[in-house]
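Topology and contacts: notes
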Amino acid sequence: MTTEPRRTFLYDQQKALGARCINFGGWDMPVQFTSIIDEHQAVRTTCGVFDISHMGEVFVSGPRAFDWLQHILANDLAKCPVGAGQYTFLLNERGGVIDDLIVYRMADDNFLLLVNAAKIDEDVAWLLKHASDGVTVDNRSDTMSALAVQGPEAARIFREVFQTEMPARNTFIAMEKCRGAVIAAGTGYTGENGFELFFANSLAGDIWAAILKAGAKPCGLGARDTLRLEMCYPLNGSDLSPDRTPLEAGLGIFVALDKPDFIGRAALLSQKESGLPTKLVALRMTEKSPPPRAHYPVLFDGRPVGETTSGVLSPSLGEGIAMAYLPPALAKPGQAVHIDIRGRHFAAVVEKKPFYRPSSARPA
Amino acid sequence: MNVPDDLKYAESHEWIRVDGDTGIVGITDHAQNELTDIVYVDPPKVGASVTAGQPAAVVESVKAASDIYAPVDGEVIEVNDALGSEPALVNTAPYENGWLFKVRLANPSQLDALKSPDEYRAQIS
């Protein structure tokens, strides 16, 4: 195990722009450039660009790749045609989340799995543990870089940089000769219109510079976190864990229980049968309070009933927002609870997800 | 970064402006710049005893909650109520309207252990 944090191919350019870095999933990543609030607002009103090269790219191919992934992944790949992407899960036998990821179908028998940085090694080990004839697992995370460009102006920036139209939501295009081989996908983690790019490390500097020149503001992981939490998008390791199922996380629509079989299915069916032990809810502070953060106790009638998994002061709403696993009886919009912040109890309410509806988002 | 000449500094980035047996405490320009976007300040209670080197207040930026340490022992005699509605004063005026609390010094000789402006400048350079 190496303990020295890794750096993406854009580290030097980002430091030159004033990036302040933190260790995230073993990577030395920009948390902010100028200000998390400014970067957040840029994505909500114009456009921001995030270096997401720390994320993992794992290709799965071969004549049995489809059947094999249908068994490994929880969502139904039959509903993901070539040229589309699909949000899905790698589950353990207990139905708990090893990782949440997007699978892009490059060809009938070739798939790109975009996985979380901190989980690359664990995911690949899990895939190899279930290795099968007719399936090749090729982890290209070390040789690929990635960018996310998000915000109302993303479509214009895409046209300017690539001289073609931005791919529609949850689809992608593979561009062979435009600034090199680039996969461009209409996906993102902010709720805004936008795209994500995957390409060889050698192209990183050129593409980053072109996107900045077209007007995107460099953004760090701090804004990425506030943006995704306003949308109630889960962060694995915080809101998802090997001990919680996607059903508890409220993400059942991304789990195809009607598939013949997949790892974790039996556990999910049994959980559905017996009732969910907890549900992941959205919480909004209803009185002035310090910003909620992860691991604060949630109280009902003065008794602890759960703890926050993520929390932040929402830059868009100007209010504290959080998520927490609560007993199903309390997991109803309008339910009043309290959050314990440094020993003081502040009023909060269970909200319908998401907290924020972006103006630029296209229908999925 | 601005490091005024008339203040004493703690290694943990607080400043104190001494006037007789009282001192006004805040965080430095360097500290506010590192934290950025201060959105909430939890001050100590008036009448509370604070201890040099121990947490006395919490300043929260968008990304994190940070303990603020008392530079000296003493009793809190006033807190900056303006920060309740305008915490960003810590960003915009860290040495003036963004001060955190006022303390009655229990042991003025502790001031000698704090850093001079030059020593603090050297620390953050």
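The present account deals with the structure reproduced in this document. (Residues numbered from 1 in each chain as written. Chains lettered and ligands numbered in written order. Predicted model: local features only at pLDDT ≥ 70, side-chain atom pairs only at ≥ 80, totals over all residues. Heavy atoms only, no water.)

1. Examining the overall build of chain B
- Per the secondary structure count, chain B includes 4 helices and 9 strands.
- Relative to a compact globule of 125 residues, whose C-alpha radius of gyration would be 14 Å, chain B shows 13 Å and is just as compact.
- For the C-alpha atoms alone, the extent of chain B along its principal axes is close to 35 × 35 × 20 Å.
- Of all 125 residues assigned to chain B, the portion counted as buried reaches 50%.
- For chain B, contacts bridging at least 24 residues in sequence account for 60% of all contacts bridging at least 6. (Helix = DSSP H or I, 4+ residues; strand = E, 2+ residues; numbered from the N terminus. Rg over C-alpha atoms; globule rule 2.2 N^0.38 Å. Buried < 20%, exposed > 50% of the residue type's maximum accessible area, 1.4 Å probe, protein only. Contact = heavy atoms within 4.5 Å.)

2. Considerations on the overall build of chain A
- Each helix and strand in chain A was counted, giving 8 helices and 19 strands.
- For 364 residues, the compact-globule estimate of 2.2 N^0.38 gives 21 Å, and the C-alpha radius of gyration of chain A, at 20 Å, lies within 12% of that figure.
- Projected onto its principal axes, the C-alpha coordinates of chain A cover approximately 60 × 50 × 45 Å.
- Counted over contacts in chain A with a minimum sequence separation of 6, partners at least 24 positions apart contribute 66%.
- When the accessible surface of chain A is summed, it comes to about 14600 Å², and 54% of that surface belongs to carbon and sulfur atoms.
- Looking at chain A, you have 37 positive and 41 negative side-chain charges, and the mean spots of the two groups are 5 Å apart. (Areas by Shrake-Rupley, 256 points an atom, 1.4 Å probe, with all protein chains shown as cover. Lys, Arg positive; Asp, Glu negative; His and termini not counted. Charge placed at Lys NZ, Arg CZ, Asp CG, Glu CD.)

3. Observations concerning helix H5 (residues 154–162) of chain A
Residues and elements named next belong to chain A.
- Taken together, the buried positions of H5 are Ala154, Ile157, Phe158, Val161 and Phe162. The arc that holds the buried residues of H5, viewed along the axis, is 105°, so those residues lie on one side.
- Just past H5, the residue glutamine 163 takes up positive phi, approximately 55°. (Arc of directions from axis to C-beta.)

4. Re the side chain of asparagine 201 of chain A
Residue and element names in this part refer to chain A.
- Turning to its location among the elements, asparagine 201 is positioned in the loop between strand S12 (194–200) and helix H6 (204–213).
- Within the structure, asparagine 201 has its side chain in polar contact with the side chain of serine 145 (distance 2.7 Å).
- Not counting chain neighbours up to four residues away, the residues in contact with asparagine 201 comprise Phe9, Asp142, Thr143, Met144 and Ser145. (Polar contact = N/O pair within 3.5 Å; in protein donor to acceptor, adjacent residues only side chain to side chain.)

5. Remarks on the interface of chain B and chain A
- In this assembly, 15 residues from chain B lie in contact with 17 residues from chain A.
- For the pair chain B and chain A, the two sides together bury roughly 1400 Å², of which 49% comes from carbon and sulfur.
- It is Tyr40, Val62 and Lys63 of chain B in chain B that bury the most area against chain A; as a group they hold 38% of the surface buried on that side.
- Where chain B meets chain A, there are 4 salt bridges. (Buried area = accessible area lost by both parts, 1.4 Å probe. Salt bridge = Lys/Arg side-chain N within 4 Å of Asp/Glu carboxyl O.)

6. A look at the packing of aromatic side chains
- This structure, assessed with the given rule, holds 9 aromatic pairs over all chains.
- Relative to tyrosine 120 of chain B, the ring of tyrosine 9 of chain B lies with its centre 4.9 Å away and its plane at 5°, an arrangement referred to as stacked. One end of the pair, tyrosine 9 of chain B, is in strand S1 (residues 8–9); the other, tyrosine 120 of chain B, is in helix H4 (residues 117–124), with 111 residues separating them in the sequence.
- Note on tyrosine 120 of chain B: relative accessible area 0%, which makes it buried.
- By way of ring pairs, the aromatic residues Tyr87, Phe89 and Phe254 of chain A are connected into one cluster.
- One residue, arginine 140 of chain A, lies across the ring of phenylalanine 59 of chain A, its end atom 3.8 Å from the ring centre. (Phe/Tyr/Trp six-rings, centres within 6.5 Å; stacked < 30°, edge-to-face > 60°. Lys NZ or Arg CZ within 6 Å of the ring centre and 35° of its normal.)

7. Regarding the pattern of salt bridges
- Per the stated rule, a full pass over the model turns up 24 salt bridges over all chains.
- One salt bridge connects arginine 156 of chain A with glutamate 160 of chain A, and the closest N-O pair in it is separated by 2.7 Å. Residue arginine 156 of chain A and its partner glutamate 160 of chain A are located together in helix H5, separated by 4 residues, close to a single helical turn.
- Its relative accessible area of 42% is what places glutamate 160 of chain A among the partly exposed residues.
- Look at the salt bridges and you will find they share partners, linking Arg293, Arg342 and Arg344 of chain A together with Asp42 and Glu60 of chain B into a network.

8. A word on helix H3 (residues 65–72) of chain A
- All buried positions along H3 of chain A are accounted for by Ala65, Trp68, Leu69, Gln70 and Ile72 of chain A.
- The inward-facing, buried residues of H3 of chain A contact strand S4 (56–61), strand S5 (85–91), strand S7 (110–115), helix H4 (120–129) and strand S8 (136–139) of chain A.

9. Some words on the sheet that holds S7 of chain A
All names here are of chain A.
- Here we have 5 strands laid out as an open sheet, ordered S5-S6-S7-S4-S8, and antiparallel in their pairing. Each edge of the sheet is formed by a strand with only one pairing partner; in this case those strands are S5 and S8. Geometrically, the sheet is characterised by an average inter-axis angle of 30° between neighbouring strands, direction not taken into account.
- Summarising the sheet, S4 and S8 pair through 4 bridges and their orientation is antiparallel. When the bridges of S8 are listed, phenylalanine 59 appears paired with aspartate 138. (Pairing = 2+ DSSP bridges. Axes fitted to C-alpha atoms, helices over the stretch in contact; angles between N-to-C directions.)

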